[in-house]
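What the coordinates show
The chain contents come next:
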Amino acid sequence: MPTSGSSYSRGRTSPEKALQKLKHYCGYQERSHAEVKHKLYSLGLFEKEAEELISRLIEEEYLNEERFAIAYASGKSRNNGWGRIKIRHGLEQKGISKYCIQKALQSLQSEKNIFVKKNKWQQFLLQRGFEQSIIKTWSFPEQAAGPDTE
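Computed from a predicted structure; not experimentally measured. (Residues numbered from 1 in each chain as written. Predicted model: local features only at pLDDT ≥ 70, side-chain atom pairs only at ≥ 80, totals over all residues. Heavy atoms only, no water.)

Thoughts on the overall build of the chain
What the chain contains, in helices and strands, is nine helices and zero strands. In the chain, the succession of α and β elements from N to C terminus is α-α-α-α-α-α-α-α-α. The 150 residues of the chain split such that 27% are buried. Partitioning the contacts of the chain with sequence separation of at least 6, the portion at a separation of at least 24 is 52%. When the accessible surface of the chain is summed, it comes to about 10700 Å², and 52% of that surface belongs to carbon and sulfur atoms. (Helix = DSSP H or I, 4+ residues; strand = E, 2+ residues; numbered from the N terminus. Buried < 20%, exposed > 50% of the residue type's maximum accessible area, 1.4 Å probe, protein only. Contact = heavy atoms within 4.5 Å. Areas by Shrake-Rupley, 256 points an atom, 1.4 Å probe, with all protein chains shown as cover.)

Structure follows, in structure tokens:
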């Protein structure tokens, strides 16, 4: 409960308490700078206080835009099946820098080994309910371009 002479009213959090809340908030999952700034404003902090706390979180490695972008890209690709264009737009909407977007998209490189890639496709099609006899008869694009074709 604030004292009568306190400048903090109901709904306004002190910067020290806000920092502790944000350490937990950022420690739970990767966050973008915009998400953290929004959280600070919802706690009732002013812009100058918010900027100072964001700087401290960056210095203490609780907040890292590049790390967030890579985690976002890999999660959306793996869990939601998003492609590179949709991931790029999602990161742009979150206010991520072009450099970090590029780093995140580079982390999504596809498999280079053709046999591993073919096995992944076969497993994917099996999970979708296709019969194994049909899958084995299909020609994958990498095989068609190989040296055994005429």
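The rest of the description comes next.
Observations regarding the packing of aromatic side chains
Here the structure, examined in full by the defined rule, presents three aromatic pairs. Seen from their ring centres, Phe68 and Tyr72 are 5.8 Å apart, and the 40° between their planes marks the pair as tilted. With Phe68 and Tyr72 both in helix α4 (residues 65-80) and four residues apart, this pair spans about one turn of that helix. In this structure, Phe68 and Tyr72 share a single accessibility class: buried. Taking 6.3 Å as the distance between ring centres and 75° as the angle between the ring planes, the aromatic pair formed by Tyr72 and Trp82 counts as edge-to-face. Residue Tyr72 is located in helix α4, and its partner Trp82 is located in the loop between α4 and α5 (84-93); the two are separated by 10 residues in the primary sequence. Above the ring of Trp82, the side-chain terminus of Lys76 is found at 4.9 Å from the ring centroid. (Phe/Tyr/Trp six-rings, centres within 6.5 Å; stacked < 30°, edge-to-face > 60°. Lys NZ or Arg CZ within 6 Å of the ring centre and 35° of its normal.)

Quick look at the packing of helix α1 (residues 15-28) against helix α3 (residues 47-59)
It is the contact of α1 with α3, at a shortest axis distance of 11 Å, that shows an interaxial angle of 45°. In terms of orientation, α1 and α3 fall into the oblique class. Between α1 and α3 lies a crossing whose hand is right-handed. Of the residues in α3, those touching α1 at Pro15, Ala18, Leu19, Leu22, Lys23 and Cys26 are Glu49, Leu53, Arg56 and Leu57. Of the residues that constitute the contact of α1 with α3, the class distribution is seven nonpolar, no polar and three charged. (Axes fitted to C-alpha atoms, helices over the stretch in contact; angles between N-to-C directions. Parallel < 35°, antiparallel > 145°, perpendicular 65-115°, else oblique. Left-handed = near helix turned anticlockwise from the far one by under 90°. Nonpolar A, V, L, I, M, F, W, Y, C, P; charged D, E, K, R; others polar.)

Things to note about the pattern of salt bridges
Any two side chains of opposite charge can pair, so long as their charged atoms come close to each other. Across all of its chains, the model carries seven salt bridges by this definition. Note that Glu30 and Arg67 form a salt bridge whose closest N and O atoms lie 2.9 Å from each other. Taken together, the residues Glu30 in the loop between α1 and α2 (33-42) and Arg67 in helix α4 connect sequence positions 37 residues apart. We classify Arg67 as partly exposed; its relative accessible area is 30%. Here Glu61 and Arg67 are joined by a salt bridge, their closest N and O atoms 3.7 Å apart. The exposure class assigned to Glu61 is partly exposed, which follows from its relative accessible area of 49%. Through salt bridges with shared partners, a single network forms among Lys23, Arg56 and Glu60. (Salt bridge = Lys/Arg side-chain N within 4 Å of Asp/Glu carboxyl O.)

Things to note about the nonpolar core
Ranked by size, the top nonpolar core spans 14 residues in total, and within it Val36, Leu40 and Leu57 carry the most contacts. Secondary-structure elements contributing two or more residues to this core are α1, α2 and α3. If you tally residues by element for this core, the top one is α1, at five residues. If we ignore the near neighbours within four places in the chain, the residues touching Leu40 are Ala18, Leu22, Leu45, Ala50, Leu53 and Ile54. Residues Tyr72, Ala73, Ile87 and Ile96 belong to the second largest nonpolar core, which totals 11 residues. (Core = buried A, V, L, I, M, F, W, Y, C linked by side-chain atoms within 4.5 Å.)

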